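# Report on the structure
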Amino acid sequence: MRKKEPGTLGLKFILVTTFVAAIVIVTKLFFIQIVEGNEYENRAANQYIRPIHQLFNRGDIYMQPREGEPLPVAMIETTYVLYINPQVLSNPVETFKKINEITEIDEESYFKKTAKLEDPYEILKRDLPEEVKEEISDLNIKGVSTHPERKRYYPSGSLASQVIGFMSYDKNELVGTYGIEREFQDILEDKNNEGHINIFAEVLLNNPVTENNEREGNADVVLTLEPSIQIFVEKELKNLREKYNAKQAGAIVMDPNTGKIVSMASSPTFDLNQFSSANSEYYSNPNVSNVYEMGSIMKALTMAVGLESGAISTDSTFYDKGYIEADGYKITNVYKGARGETSMQGIIDHSMNTGASWIVDQVGKNKFADYFRSLGLGERTGISLPSEASGLIDNLESPRKIEYYTASFGQGIATTPIATVRALSALANGGKLVDPYIVDEIYQADGSTKTPKRNAPKQIFSEETTTQVSRMLVNLVDETLDLIIEGDQSISTHTVAAKTGTAQVSSDLISGYSESDSFHSFFGYFPAYDPKFIVFLWVDRPEGVTYASGSLTSPFFNITNYMIDHYAINPDR
């Protein structure tokens, strides 16, 4: 038998393959041009004006509940833009009626846009949901169509708004402007920006408009904030600020052992989805960006410095004559008059300015200043939030003794709330300075998880010193603060160590301090000898209340009780 030539066999195979491909292409063109010609003509008329439409993409931000999966607090939402092509719209009046039955549109604006015959693209409405978009598409009106549009959406509205931040335009680029959105801009943004729709491909290849949802260039950020705690704390702050008509109020709730922040809040706040209508004064986070003279909560640190340095002991006493003098100034206590021989516990219980100043004398002003610096009061904590301020503690370099006296009871130096709670946490955790953190994990684009680097804690006080101070603060709560708590809010099952502070506020109009304005602060940790959390509260310029014990005691115990229940913290009494 004669064998076929190899070249002939290959040629026939190519011819058959080409013929089959031609049949497929002709059939496809027949369906596109004849069977479905009207539909594709309508699509082309509606969509040719935007051949490539970039879709915004960005990583999500989450909060971490005590139990369960992370909850998104910043995400991408896909909505739809309704638009017309006036050049091919055949019956504007009838079209208006049909569209308006589905979604309300402004009649006057609509007819102005239909009259722009030179413009093939006029937007009628934005932010249409999927179901409305489908109803519009079902009308199949030539010259009317929709396309997807992505935007940043904040499901929780105003919750933790100063922490999360928002996005706005920098020139022509949409970028994170405040909070985590700004601090993690490079991590959250989609550098590849591959999400798009290609309308030419849809019309010519009969492929549906698609959205690329894959994460190629961005990552998700998981915060340490616990949503239930955050909601409760923000409610307390709102009630506090409104009750006393205060300028601002704030709170930080943290694990003093690790620095993990479960709540950071301030009031007033604003809705992240409508930030442009809010007062821009409240965009920034005062817990990291503002500095305040904290008042008598600093006396707890002063007591720890005295004990740690060996200059005093818990058995020490000092004679209070009602005032102490330095550099031509006289320092007195809030409660006028001399108390005579006074114990160290008495300094804490009666919040004595004279007693704190006396401790400075025993320690020595230079050593006292060194301890306050070692507590990081003049430094940034490095928390992952933008615009963190440094504390103002230059007075601790003064040759005048009066500056050290006033610093010992929280006047003359100003610190951020976040740096203050870090320093106070050293009293709760056995003397260590831990760095606070608000980002728990980062979910990277490749599916891996990254934990931000945490610095090792620094030992400032001994455990013996902090136990002694904690015992004093527990006694203060048991003997003093418990008497002024409103209603049935006292805690008899858990030890609580706490201290209040009331500071004068510097006046912008006159030198020195205002006669009427004050700043109130309050910190406490629990259970006192094995703390799970430290709560720090502040309120700026409250009206109708003189001392922090009156304004902040009840909110503190409301939050403390809630957290004991929420975390099922075992009693220690």
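Residues numbered from 1 in each chain as written. Predicted model: local features only at pLDDT ≥ 70, side-chain atom pairs only at ≥ 80, totals over all residues. Heavy atoms only, no water.

Before going further, it helps to examine the overall build of the protein. When helices and strands are tallied, the protein shows 20 helices and 22 strands. Counting across all 573 residues of the protein, residues that qualify as buried make up 51%. Contacts spanning at least 24 positions in sequence make up 74% of the contacts within the protein whose residues lie at least 6 apart. Approximately 27,100 Å² of the protein is accessible, and the part contributed by carbon and sulfur atoms is 49%. (Helix = DSSP H or I, 4+ residues; strand = E, 2+ residues; numbered from the N terminus. Buried < 20%, exposed > 50% of the residue type's maximum accessible area, 1.4 Å probe, protein only. Contact = heavy atoms within 4.5 Å. Areas by Shrake-Rupley, 256 points an atom, 1.4 Å probe, with all protein chains shown as cover.)

Looking at helix H4 (residues 107-114), one finds that the buried residues are Tyr110, Lys113 and Thr114. Taken down its axis, H4 places every buried residue within 100° of arc, on the same side. With respect to the buried face of H4, the exposed residues turned more than 90 degrees away are Glu108 and Lys112. Looking at the buried residues of H4, the elements they touch are strand E3 (71-84), helix H3 (92-102) and strand E4 (122-128). Of the residues that open H4, the one with a side-chain oxygen 3.4 Å from the backbone nitrogen of Glu108 is Asp106. (Arc of directions from axis to C-beta. Polar contact = N/O pair within 3.5 Å; in protein donor to acceptor, adjacent residues only side chain to side chain.)

Turning next to the nonpolar core. The biggest cluster of nonpolar side chains holds 95 residues, and the ones touching the most others in it are Ile180, Met264, Met303, Leu427, Ile438 and Phe523. If you look at the next biggest cluster of nonpolar residues, it comprises 31 residues, including Ala251, Leu552, Ile559 and Ile569. (Core = buried A, V, L, I, M, F, W, Y, C linked by side-chain atoms within 4.5 Å.)

Below, the discussion takes up the confidence of the model for the protein. Confidence in the prediction for the protein averages 87 pLDDT; 83% of positions are at 70 or higher. Ignoring residues within four places in sequence, the model shows residues 41-53, a span with pLDDT below 50, making 43 contacts including any to other chains. Within the model, the stretch residues 194-216 combines pLDDT values under 50 with 60 contacts to residues more than four positions away or in other chains. (pLDDT = per-residue confidence, 0-100.)

Close approach of charged atoms allows side chains with opposite charge to pair. This structure, assessed with the given rule, holds 16 salt bridges. The salt bridge partner of Arg126 is Glu149, with a shortest N-O separation of 2.9 Å. Placement of the pair is Arg126 in strand E4 and Glu149 in strand E5 (residues 144-153), with a sequence separation of 23 residues. With a shortest N-O distance of 2.5 Å, Arg573 and Asp478 are connected by a salt bridge. Note that Arg573 is positioned in the segment after helix H20 (553-566) and Asp478 in helix H18 (residues 463-479), a separation of 95 residues in sequence. Owing to a relative accessible area of 46%, Arg573 belongs among the partly exposed residues under this scheme. A single network of salt bridges, built from pairs that share partners, joins Arg58, Arg152 and Glu181. (Salt bridge = Lys/Arg side-chain N within 4 Å of Asp/Glu carboxyl O.)

Moving on, we get to the pairing of strand E13 (residues 323-326). Residues Ile324 and Ala326 point to one face of E13 and are all buried, whereas Tyr323 and Glu325, pointing to the other face, are not buried. If you look at the hairpin formed by E13 and strand E14 (residues 329-332), you'll find 2 residues sitting between the two strands, and Asp327 has a positive phi there, around 55°. (Pairing = 2+ DSSP bridges.)

Okay, the packing of aromatic side chains next. One pass over the full model with this rule turns up 24 aromatic pairs. Each ring, one from Phe533 and one from Tyr567, has its centre 4.8 Å from the other, and the planes form 45°; the classification is tilted. Separated by 34 residues along the polypeptide, Phe533 in strand E22 (residues 533-540) and Tyr567 in the segment after H20 bring together distant segments of the chain. A relative accessible area of 7% means that Phe533 is categorised as buried. Owing to a relative accessible area of 19%, Tyr567 belongs among the buried residues under this scheme. An aromatic cluster is built from Phe166, Tyr178, Phe270, Phe275 and Tyr283, whose rings are joined through pairwise contacts. When the ring centre of Tyr323 is taken as origin, the NZ or CZ atom of Lys330, which lies over that ring, is 4.5 Å away. Between Arg454 and the ring centre of Tyr437, over which it is positioned, the NZ or CZ distance is 3.6 Å. (Phe/Tyr/Trp six-rings, centres within 6.5 Å; stacked < 30°, edge-to-face > 60°. Lys NZ or Arg CZ within 6 Å of the ring centre and 35° of its normal.)

Moving on: unusual backbone geometry. Backbone phi values are negative for most residues with the exception of glycine, while trans is the configuration of most peptide bonds. Geometrically, the link from Ser267 to Pro268 is a cis peptide bond, its omega value of 10° lying close to zero. Relative to the elements of secondary structure, Pro268 occurs in the loop between strand E11 (261-267) and helix H11 (286-289). One non-glycine residue, Asp127, lies in the positive phi region at around 60°. The residue Asp127 is located in strand E4 in this model.

The next subject is a nonpolar patch on the surface. Together, Val334, Tyr335 and Tyr547 make up a nonpolar patch on the protein surface, roughly 290 Å² of accessible area in all. Tyr547 sits in the partly exposed class, given a relative accessible area of 33%. (Patch = residues over 30% accessible without salt bridge, like charges linked within 9 Å, V, L, I, M, F, W, Y side chains within 5 Å.)

The 5 strands are arranged E11-E10-E22-E21-E20 in an open sheet whose pairing can be described as antiparallel. Each having just a single partner strand, E11 and strand E20 (497-506) make up the two edges of the open sheet. For this sheet, the mean inter-axis angle between neighbouring strands, taken without regard to orientation, is 10°. Relative to strand E21 (residues 513-526), E20 runs antiparallel, the two sharing 9 bridges. Along E21, the bridge assignment pairs Ala497 with Tyr525. On top of the sheet, helix H17 (residues 417-428) reaches strand E10 (248-254), E11, E21 and E22; it is set at about 140° to E22, its chief contact. (Axes fitted to C-alpha atoms, helices over the stretch in contact; angles between N-to-C directions.)

Note on Asp127: relative accessible area 41%, which makes it partly exposed. Residues Asp127 and Glu77 lie 50 residues apart in sequence; the distance between their C-alpha atoms is 9.6 Å. Sequence-distant contacts of Asp127, that is, excluding residues within four places in its chain, are made with Thr79, Tyr80 and Lys151. A polar atom in the side chain of Asp127 sits 3.2 Å from the side chain of Lys151.

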